[in-house]
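Structural features, examined
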Amino acid sequence: MNSLKILIYIGMTLLTFNSCKVEPLKQPLDTGGEAPESISNVKVENLAGAVKLTYRLPDDSKLLYVKAECVINGKVTEVKASSYVNELIMEGFGEAREYEVKVFSVSKSEKASEPVIVKVNPTTPAHKLVYESLSLNETFGGAIVTFKNPTEANIVIEILATDDAGDWKVAETFYTKRPAGNITARGYASKSTKFGVHVKDRWDNRTDTLKKDLVPIFEKQIDRTKFQQVILPTDQLAAWGWTMPHLWDGIIVNNTDVDKPGFHTNPAPGQWPQWFTFSLGTKSKLSRFKFWQRGSFTAFTDRNIRKFEIWGSNDPATDGSWESWTKLMDCESIKPSGLPPGKTSAEDLALVGAGEEFVFPENTPSTKFIRIKVLQTWGGAESFYVMQVAFWGADDL
């Protein structure tokens, strides 16, 4: 019996060994043969910092893919396209000039044909188009950059400033594909400061730096500890414990936290617009305003406010009417990506975390009381919520 068990054990061991063969390394589908025929009838479409090549594929069963090569910024850039399509796009050109592109047919055995050499002339790349549109000026507490991005390319805009030793430091970095916009660097004293701005793309092509000496306009954050809730007869009331003082508790959470309370109003079917009132605690000449919306899966949807107005008064009527109020600014929340509801980009969520900023017109009168009239929410809801507000400016002495 013991001998039988030993024989069975040996047999099973041999069976297991034979079933665990080491697989050979994968080799090209075809290890022999000639290179495929070359492509033909190549047509070039020059794009902003890119080129599109269309061509006729060879009637050759050996063909696996088409490969294009070009020296860009001192390095060989390679793009491949399968044998099922007759076009490819090469990107990352940093200059609008002539380049030489070599296009190969490649076989299943990785043998390349003789190259077809094509001269291409990509037009001005996106990062340079953006740079040509830049304006750099002083604003409240820093510098403001206005830009246009006609191709809506993914670009990086960096604002620079010199420190006390005169060394350049990155003040703010913005990643965007918006067609146009304004970006700012804040937190600077009202004294002459050197600012600069340049633009980069995702291939690390970069422009020169536009530089200016600017004197930021004085401002400070209005002391939120002095803010006070005001409830007038026509104002919207709070719901579910999300009361108005949460708006200025100073707790700004990241864009993934949806549980930190803000100000949430009672549902009011058909009652639009809706508004609420509070005091800044002191009469102030306002420069700018920020609000933070509820983030994560609620970002740019649901009860987050989209279109609203900011009104000011120094002596509001006690009956809740509007006669004693002056409209200070129209505001609209803009989703950077433009994606449909429920979908957000990294830029969208970065804005949720940073807060959305609005600059008051220069002739805005000094005010002590603020009324925010909500005209529309992102989700068309019957109530709205706001997570945090902040104001900047100067005391009206």
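Per chain, residue numbering runs from 1 following the sequence as it is written. It should be noted that, the model being predicted, local features are given only for residues of pLDDT at least 70 and side-chain atom pairs only at 80 or more, the latter also being counted only at that level, while totals for whole chains, interfaces and linings use all residues. Only heavy atoms go into the side-chain values, all of them from the structure, while hydrogens and water stay out.

1. Focus on the packing of aromatic side chains
- When two rings of Phe, Tyr or Trp (its six-membered ring) have centres within 6.5 Å they constitute a pair, described as stacked for plane angles under 30 degrees, edge-to-face for angles over 60, and tilted for the intermediate range. Applying the stated criterion across every chain, the model contains 24 aromatic pairs.
- Measuring from centroid to centroid gives 5.1 Å for Tyr-188 and Phe-195, while their planes differ by 80°, and the two rings are edge-to-face.
- Remark: exposure states derive from per-residue accessible area (1.4 Å probe, protein chains only) relative to the maximum for the residue type, with buried under 20%, exposed over 50%, and partly exposed in between. Take Tyr-188: its relative accessible area is 27%, and that puts it in the partly exposed class.
- Centroid distance Trp-275 to Trp-322: 5.1 Å. Interplanar angle 80°. Geometry classified as edge-to-face.

2. Here's the deal with helix α2 (residues 126-133)
- Helix and strand labels come from DSSP, where a helix needs a run of H or I of at least four residues and a strand needs a run of E of at least two; each type is numbered from the N terminus. All buried positions along α2 are accounted for by Ala-126, His-127 and Val-130. Looking down the long axis of α2, one finds its buried residues gathered within 100° of arc, a one-sided arrangement.
- Looking at the buried positions of α2, the neighbouring elements they touch are β9 (142-148), β10 (155-162) and β13 (193-201). The directions from the helix axis to the C-beta atoms are what the arc is built from. Note on definitions: a residue-residue contact is assigned when non-hydrogen atoms from the two residues lie within 4.5 Å.

3. A look at the pattern of salt bridges
- Definition used for salt bridges: Asp or Glu carboxyl oxygen within 4 Å of a side-chain nitrogen of Lys or Arg. According to the stated counting rule, one finds 22 salt bridges in the structure shown.
- Lys-52 is the partner of Glu-87 in a salt bridge, and the nearest nitrogen-oxygen pair spans 3.6 Å. Of this pair, Glu-87 sits in strand β5 (residues 87-91) while Lys-52 is found in strand β2 (residues 50-56), placing the two residues 35 residues apart along the sequence.
- Relative accessible area serves as the criterion here: at 34%, Glu-87 is assigned to the partly exposed category.
- As a salt-bridge pair, Lys-327 and Asp-330 come within 3.1 Å of each other at their nearest N and O atoms.
- By relative accessible area, Lys-327 is classed as partly exposed at 39%.
- Asp-330 gets classed as exposed once you look at its relative accessible area, which sits at 51%.
- Salt bridges sharing partners connect three or more residues here, namely Arg-186, Glu-219, Arg-288 and Glu-357.

4. Some details on the nonpolar core
- Core analysis: the biggest nonpolar cluster contains 27 residues, and Phe-278, Phe-289, Phe-308, Ile-310, Ile-370, Ile-372 and Phe-391 have the highest contact counts within it.
- A total of six residues in this core trace back to one element, the largest contributor, which is strand β18 (residues 274-292).
- Those residues in contact with Phe-278 that sit more than four places away from it in its chain are Phe-227, Gln-228, Gln-229, Val-230, Met-244, Trp-248, Lys-368, Phe-369, Ile-370, Ile-372, Val-389 and Phe-391. As used in this record, nonpolar core signifies buried Ala, Val, Leu, Ile, Met, Phe, Trp, Tyr and Cys residues forming a set joined through side-chain atoms within 4.5 Å.

5. Some points on the sheet that holds strand β7 (residues 116-120)
- Here, a strand pair is defined by DSSP locating no fewer than two bridges between the strands. Here we have four strands laid out as an open sheet, ordered β4-β3-β6-β7, and antiparallel in their pairing. Of all strands in the sheet, those bounded by a partner on one side alone are β4 (75-82) and β7. Strand-to-strand twist of the sheet, defined as the mean angle between neighbouring strand axes without regard to direction, takes the value 25°.
- Examined bridge by bridge, strand β3 (residues 63-72) and strand β6 (residues 99-107) share six bridges and lie antiparallel to one another. Looking across to β6, one finds that Tyr-65 is bridged to Val-106. Each axis is a line fitted through C-alpha atoms, taken for helices only over the stretch in contact, and angles between the N-to-C directions span 0 to 180 degrees.

6. Looking at the sheet that holds β9
- If you trace the three strands from one edge of the open sheet to the other, you get β8-β9-β12, paired in antiparallel fashion. One side of each edge strand has no neighbouring strand; the edge strands of this open sheet are β8 (135-139) and β12 (180-185). Adjacent strand axes in the sheet meet at a mean angle of 25°, parallel and antiparallel pairs treated alike.
- Sheet analysis places β8 next to β9, joined by five bridges and oriented antiparallel. When the bridges of β9 are listed, Ser-135 appears paired with Thr-146.
- Helix-sheet contacts for α2 involve β8 and β9, and the interaxial angle to β9 is about 125°.

7. Focus on the environment of Asp-213
- Summarising the element assignment, Asp-213 is placed in strand β14 (residues 210-214).
- Separated by 17 residues in sequence, Asp-213 and Gly-196 have C-alpha atoms that sit 8.8 Å apart.
- Discounting chain neighbours no more than four positions away, the residues touching Asp-213 are Ser-192, Thr-193 and Lys-194.
- Here Lys-194 takes part through its side chain, which lies 3.2 Å from a polar atom of the side chain of Asp-213. Contacts described as polar in this section are N or O atom pairs within 3.5 Å, which, within protein, must combine one atom able to donate a hydrogen with one able to accept it, while residues neighboring in sequence count only if both atoms come from side chains.

8. A short note on unusual backbone geometry
- Look at the link from Trp-272 to Pro-273: it is a cis peptide, with omega at 0°.
- Note on placement: Pro-273 falls in the loop between β17 (263-264) and β18.
- Of note in this structure, Glu-152 is not a glycine but carries a positive phi near 55°.
- Among the structural elements, Glu-152 can be located in the loop between β9 and β10.
- A positive phi angle, close to 55°, is found at Ser-296, a residue other than glycine.
- Counting through the fold element by element, Ser-296 comes out in the loop between β18 and β19 (305-313).

9. Here's the deal with the environment of Asp-319
- Here Asp-319 is to be found in the loop between β19 and β20 (326-332).
- Linking Asp-319 and Leu-232, residues 87 residues apart in sequence, is a C-alpha distance of 6.6 Å.
- In this structure, Asp-319 is in contact with Pro-233 and Thr-234, ignoring residues within four places of it in sequence.
- Here Ser-321 takes part through its side chain, which lies 2.8 Å from a polar atom of the side chain of Asp-319.

10. Focus: the confidence of the model for the chain
- For every residue, the predictor states its confidence as a pLDDT score lying anywhere from 0 to 100. In the predicted model, the chain carries a mean pLDDT of 91, and 92% of its residues have values of at least 70.
- Here residues 1-10 is a poorly scored stretch, pLDDT under 50, and it has zero contacts once near neighbours within four places are set aside; other chains count.
- Ignoring residues within four places in sequence, the model shows residues 12-26, a span with pLDDT below 50, making zero contacts including any to other chains.

11. Details of helix α3 (residues 346-354)
- Along α3, the residues that are buried comprise Glu-347, Asp-348 and Val-352. Across the axial projection of α3, the buried residues extend over an arc of 145°, all falling on one side.

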